[in-house]
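A structural walkthrough
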2 protein chains.
Amino acid sequence: MDTQHDKSIKRAPGGKSGGRVTMSTIGKLAGVSQVTVSRALSDPAKVSPATMTRIREAIEITGFVPNAVAGALASRKSMLISAIVPSITNIVHASMVQAFSIPMREKGYEILLSESGLDAENEEKLIAAHLSRRPDAIYLTGIHHSPQARKMLMGADIPVVEVWDLTDTPIDICVGFHHSQAGRAVADFVHQSGHKRAATVSAGDERARRRRDAFSNRFADLTGSDIPTVTFEASASLSGGRQALSRLIDEDNFTEGAIFCSSDLLAHGVLVEAESRQLDIPGKVAIIGFGDQDFAQHLHPALTTVRVDRGDLGRAAATHLLKRIAGEPAHNAKLDIGFTIIKRHTA
Amino acid sequence: MDTQHDKSIKRAPGGKSGGRVTMSTIGKLAGVSQVTVSRALSDPAKVSPATMTRIREAIEITGFVPNAVAGALASRKSMLISAIVPSITNIVHASMVQAFSIPMREKGYEILLSESGLDAENEEKLIAAHLSRRPDAIYLTGIHHSPQARKMLMGADIPVVEVWDLTDTPIDICVGFHHSQAGRAVADFVHQSGHKRAATVSAGDERARRRRDAFSNRFADLTGSDIPTVTFEASASLSGGRQALSRLIDEDNFTEGAIFCSSDLLAHGVLVEAESRQLDIPGKVAIIGFGDQDFAQHLHPALTTVRVDRGDLGRAAATHLLKRIAGEPAHNAKLDIGFTIIKRHTA
DNA sequence: TTGTACGCGTTATCAG
DNA sequence: CTGATAACGCGTACAA
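Procedures and definitions
- Starting afresh in each chain, residues are numbered from 1 along the sequence in its written order.
- Ligands are numbered from 1 and chains lettered from A, in the order in which they are written.
- It should be noted that, the model being predicted, local features are given only for residues of pLDDT at least 70 and side-chain atom pairs only at 80 or more, the latter also being counted only at that level, while totals for whole chains, interfaces and linings use all residues.
- No hydrogens and no water enter the side-chain calculation; it runs on all heavy atoms of the structure.
- Here a residue is considered near a molecule or strand provided that any single heavy atom belonging to it is located within 4 Å of it.
- Whenever a nitrogen or oxygen atom comes within 3.5 Å of another N or O atom, the pair is scored as a polar contact, on the condition that within protein one atom can donate a hydrogen and the other can accept it, and that pairs from neighbouring residues in sequence are kept only if both atoms are in side chains.
- Secondary structure counts use DSSP, requiring at least four H or I residues in a row for a helix and at least two E residues in a row for a strand, with both numbered from the N terminus.
- Polarity classes work like this: nonpolar for Ala, Val, Leu, Ile, Met, Phe, Trp, Tyr, Cys and Pro, charged for Asp, Glu, Lys and Arg, and polar for all others, with Gly in that last group.
- Working definition: with a 1.4 Å probe on protein chains only, accessible area under 20% of the residue-type maximum means buried, over 50% means exposed, and in between means partly exposed.
- Residue contacts are defined here by distance: any two heavy atoms, one from each residue, within 4.5 Å place the two residues in contact.
- Any two strands between which DSSP finds at least two bridges are classified as paired.
- Angles here are taken between N-to-C directions and fall from 0 to 180 degrees, while the axes themselves are lines fitted to C-alpha atoms, restricted in helices to the stretch in contact.
- As a working definition, buried area equals the accessible area (1.4 Å probe) given up by two parts on being put together, with both sides summed.
- Counted as salt bridges are all cases of a side-chain nitrogen of Lys or Arg within 4 Å of a carboxyl oxygen of Asp or Glu.
- Confidence per residue, as judged by the predictor, is encoded in pLDDT with a range of 0 to 100.
- Here the expected length of a helix is defined as 1.5 Å per residue gap, with one fewer gap than residues.
- Relative orientations are named as follows: roughly parallel for angles under 35 degrees, roughly antiparallel for angles over 145 degrees, roughly perpendicular for angles from 65 to 115 degrees, and oblique for any other angle.
- Here is the rule for handedness: rotate from the far helix to the near one, and if that takes an anticlockwise turn smaller than a right angle the crossing is left-handed, while a clockwise turn gives right-handed.

Let's talk about the protein's contact with DNA strand C
Close to DNA strand C lie 25 residues, the nearest being A:Gln34, A:Ser38, B:Val35, B:Thr36 and B:Arg39. Within 4 Å of the protein, the contacting atoms of DNA strand C are drawn from sugar and phosphate to the extent of 60%. A distance of 2.5 Å separates a phosphate oxygen of DNA strand C from a polar atom in the side chain of B:Thr36. Residue B:Ala74 places a main-chain N or O atom 3.3 Å away from a base oxygen belonging to DNA strand C. Examining the composition of the surface near DNA strand C, we find that four residues originate from one element, helix H5 (residues 68–75) of chain A, more than from any other. Within the surface near DNA strand C, the residues separate by chemical class into 11 nonpolar, 10 polar and four charged.

And the structure:
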């Protein structure tokens, strides 16, 4: 169709008006070669102050912005980090990548961010798309990836950090905590608080289920009781929590015991519903959330929950990745960031 | 004499197993040239089924992932969209880019996302960094950018969409609403509800201030009263809201009237503090938030607030950008997405 | 349907 | 300190 555009560009090695401005353009203006411009930008100490000045001026008047695409191709370094998270609107993951991004950005890396929606198949496609941009490293959420994804990852030959979970067989680096451990710890906690019954309210994602199951199994071992559960396939919401408690009460006749929720949001919903039913908290019904979000401590009564330091986690992921990028062959590194049960007033 | 390809492959220094696999590699394996591989990938219909199969096999066994960096350089299309938001952990912006990303991703675009932290100088650096990767378009938050940033943006000659605010002089496309209009509307609303006094609790960012000032000016015009205010330079938080009300009461002797907060989070804090002081809501103290976040409707009493449809906004931004990318010369497009006051039980 | 030649805008490697 | 020249891996004419 419009070959005019192409032509004008091909023809433009000398032209500049509106045409692309490259290092050659700058060089011409400053009376040096393109290579010198490149050096001036990457290592100013290697060019004479005089030419440096002229180059600066040329850049200033043209508004030249170096083409990092060409740079990446030539140097085989993209200064790009690929990151894949389940959802960017989920504060858990948003705050982890945020913490992760800061040190990376300081080192000159940019972040290519995509959302997998917790779908392994979709994640695989995203990994392929990201890998095609030749990132210098990749940040993944969780430890479960399709076989094909793993293969591509290994083949890419770049550092990989898997966060928010732990495994004995990481692709490369792994920074997180054991979700099942957290579930068991909560079970022990509520059992020691004297509760004889328990229930769970959980989102459908794999890690939430793992916490829930670990909790249920441990609590069952401890008390012999069976543990009713409400699971959402959709994403967690406050109203979901309210409905969950209603179902627990109306369908499972659960009117006394501890309720372990897979997120503070769900816990908040359960709390709201419990209050509207004027249940005694934590006397008869105890509620435990997960995540220790900002609002948790301000609810009435303040929410007992499980805290994982997402800032630390993200920073640790960055630190380890940076080391690997720098050449340190720290394969199969595992870092357990742990968790803390924050006892407040709902349990 | 241009046997570059052969040379480069033979030359592969340290030639080990993990040598880079390119389209040439695939071509060799499939018995075709590099171009045919390129075509097979971009337009399968243009190669014979037989070669297509052989190429597929070669790709399969090598785990080849096309190099989009080289592709972008050659085609002058990066299929990359640059996005700059104040903060990724702010649900307002996270949900807008999320909505924006979906249609973009569907069209094959990837998102390069960075956080400016509401700092214009930092934003300028980010814009430069992003522009160096030659994105096909750019998504910016807000309408205030440094002169240098504007210059670079104009020079980049790519579609630009500015969201979450409105101006008569957009760089290119603009999708948002008038913050001052929202502030005035809230002033009218509380005035009509019969309040004779008002106060504001606001974060320090420019748009929040604009809403606050419009509110204050209008309310002052309407009632002649002066409007005490608490402003945070730090990011808004629930505890900030609590402190704000304390200050309003203790320092400004504000015990009756409407309080317009710059976010639901701050409003929640004010609400919590008001309840702990057992103030009559909305009888004596009315509280209006901003954002209509998920939790707003579930608070007790449910929070009256201002809603802006961020999903619509993000999608609209994507739609318009896509059109511009497709060649539509819709310069200086403005789209007012509007806002709604959601009356609930705090005002 | 397939291939050749070349350019995209840098960095890397040598020379000078 | 500066400059040729060759990659980097792919798309885009144009030919065959």
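Some words on the environment of B:Lys196
Residues and elements named next belong to chain B. Of note, Lys196 is situated in the loop between helix H9 (179–192) and strand E6 (198–203). Residue class for Lys196 comes out exposed when judged on its relative accessible area of 61%. The spatial distance from the C-alpha of Lys196 to the C-alpha of Ala220 is 9.8 Å, given a sequence separation of 24 residues. Apart from the residues within four sequence positions on either side, Lys196 is in contact with Phe219, Thr223 and Ser225.

Considerations on the sheet that holds strand E8 (residues 257–261) of chain B
Residues and elements named next belong to chain B. With parallel pairing, the four strands of this open sheet are ordered in space as E7-E6-E8-E9. The open sheet terminates on both sides in strands that have one partner only, identified here as strand E7 (229–232) and strand E9 (285–288). When strand polarity is set aside, the average angle formed by the axes of neighbouring strands in this sheet is 15°. Bridge analysis of E6 against E7 gives four bridges, and the strand direction is parallel. Its bridge partner lying in E7, Ala203 is registered against Phe232. Strand contacts of helix H12 (residues 264–276): E6, E7, E8 and E9, with the helix running at about 160° to E9, the strand carrying the most contacts.

Some words on the interface of chain B and chain A
Contacts between the two partners involve 51 residues from chain B and, on the opposite side, 52 residues from chain A. Overall, the association of chain B and chain A removes approximately 4500 Å² of surface from exposure, summing both partners, and the carbon and sulfur fraction of that is 55%. Considering only the side of chain B, the residues that lose the most area to chain A are B:Val69, B:Arg133 and B:His298, jointly responsible for 14% of the buried surface there. Taken together, the links from chain B to chain A amount to two salt bridges.

A look at the sheet that holds strand E9 (residues 285–288) of chain A
Residue and element names in this part refer to chain A. The four strands lie next to each other as E7-E6-E8-E9, forming an open sheet whose pairing is parallel. Two strands lie at the open edges of the sheet, namely strand E7 (229–232) and E9, each paired on one side alone. Neighbour-to-neighbour, the strand axes of the sheet open up by a mean angle of 15°, direction not taken into account. Along the sheet, helix H10 (residues 206–223) contacts strand E6 (198–203), E7 and strand E8 (257–261); its crossing angle with E6, the most-contacted strand, is approximately 170°. The strands that helix H12 (residues 264–276) touches are E6, E7, E8 and E9; relative to E9, the one it contacts most, it runs at about 160°.

With respect to the confidence of the model for chain A
On average, chain A scores 91 in pLDDT, and the residues at 70 or more come to 94%. For residues 1–18 of chain A, every residue scores under 50 in pLDDT, and the model assigns this stretch three contacts once sequence neighbours within four places are set aside.

Re the pattern of salt bridges
For side chains of opposite charge, pairing can occur when their charged atoms come near one another. Residue and element names in this part refer to chain A. This model, assessed by the stated rule, comprises 26 salt bridges over all chains. Between Arg210 and Asp165 there is a salt bridge whose closest N-O contact spans 2.5 Å. Remark: Asp165 occurs in the loop between strand E4 (160–163) and strand E5 (173–176) and Arg210 occurs in helix H10; sequence separation between them is 45 residues. Arg210 sits in the partly exposed class, given a relative accessible area of 22%. Exposure remark for Asp165: the relative accessible area of 0% places this residue in the buried category. Residues Arg218 and Asp188 are paired through a salt bridge, measuring 2.8 Å at the closest nitrogen-oxygen approach. Of this pair, Arg218 sits in helix H10 while Asp188 sits in helix H9 (residues 179–192), and the two are 30 residues apart along the sequence.

Focus on the environment of A:Ala208
Tracing the chain through its elements places A:Ala208 in helix H10. Setting aside residues up to four positions removed in sequence, A:Ala208 forms contacts with A:Ser202, A:Ala203 and A:Ser262.

As for helix H6 (residues 91–106) of chain B
The terminal C-alpha atoms of H6(B), which comprises 16 residues, lie 22 Å apart, in line with the 22 Å expected from a rise of 1.5 Å per residue. Of all 16 residues in H6(B), 12 are buried; the element is thus mostly enclosed. Among the residues making up H6(B), those that are buried are B:Val92, B:His93, B:Ala94, B:Ser95, B:Met96, B:Val97, B:Ala99, B:Phe100, B:Ser101, B:Pro103, B:Met104 and B:Arg105. Where H6(B) is buried, its residues meet strand E2 (110–115) of chain A together with strand E1 (80–85), strand E2 (110–115), strand E3 (137–141), strand E4 (160–163) and helix H13 (310–325) of chain B. Two or three places before B:Val92, at the opening of H6(B), B:Asn90 has a side-chain oxygen 2.9 Å from that residue's backbone nitrogen. Just downstream of H6(B) lies B:Gly108, where phi reads positive at about 95°.

Some remarks on unusual backbone geometry
Of the consecutive residues A:His300 and A:Pro301, the connecting peptide bond is found in the cis state with omega at -5°. Secondary-structure assignment places A:Pro301 in the loop between E9 and strand E10 (305–307). Positioned with a positive phi, A:Met79 is a non-glycine residue whose angle comes to about 55°. Mapped onto the fold, A:Met79 is located in the loop between H5 and strand E1 (80–85). Classification of A:Met79 by relative accessible area gives partly exposed; the value is 24%. Phi is positive for B:Asp292, which is not a glycine, with a value near 50°. Its place among the elements puts B:Asp292 in the loop between E9 and strand E10 (305–307).

Remarks on the side chain of A:Glu110
Relative to the helices and strands, A:Glu110 resides in strand E2. Ignoring sequence-local partners within four residues, the contact set of A:Glu110 consists of A:Met79, A:Leu80, A:Ile81, A:Arg105, B:Leu112, B:Ser114, B:Leu126, B:Ala129, B:His130 and B:Arg133.

Describing the packing of helix H6 (residues 91–106) of chain A against helix H13 (residues 310–325) of chain A
Pairs of packed helices are described in terms of their axes, by the angle between the two and the distance that separates them. All names here are of chain A. Two numbers describe how H6 lies on H13: the axes approach to 7 Å, and their chain directions differ by 40°. When the axes of H6 and H13 are compared, the pair comes out oblique. As H6 packs across H13, the resulting crossing turns out to be right-handed. Between H6 and H13, the contacting residues are Ile91, Val92, Ser95, Met96, Ala99, Phe100, Pro103 and Met104 on the first element and Arg310, Gly311, Leu313, Gly314, Arg315, Ala317, Ala318, Leu321, Leu322 and Ile325 on the second. Per-class residue counts for the contact of H6 with H13 are 13 nonpolar, three polar and two charged.

Overview of the environment of A:Gly241
All names here are of chain A. Turning to its location among the elements, Gly241 is positioned in helix H11 (residues 238–252). C-alpha separation for the pair Gly241 and Val272, spaced 31 residues apart in sequence, amounts to 8.4 Å. Ignoring sequence-local partners within four residues, the contact set of Gly241 consists of Phe232, Leu266, Gly269 and Val270.

Describing the packing of H9(A) against H10(A)
Residue and element names in this part refer to chain A. Relative orientation of the contacting elements H9 and H10 amounts to 40°, with a least axis distance of 7 Å. Of the possible angle classes, the one that applies to H9 and H10 is oblique. When you trace H9 past H10, the crossing you get is right-handed. Contacts between H9 and H10 involve His179, Ser180, Gly183, Arg184, Val186, Ala187, Asp188, Val190 and His191 on the former and, on the latter, Arg207, Arg210, Arg211, Ala214, Phe215, Arg218, Phe219, Leu222 and Thr223. Classifying every residue of the contact of H9 with H10 by side-chain character gives seven nonpolar, five polar and six charged.

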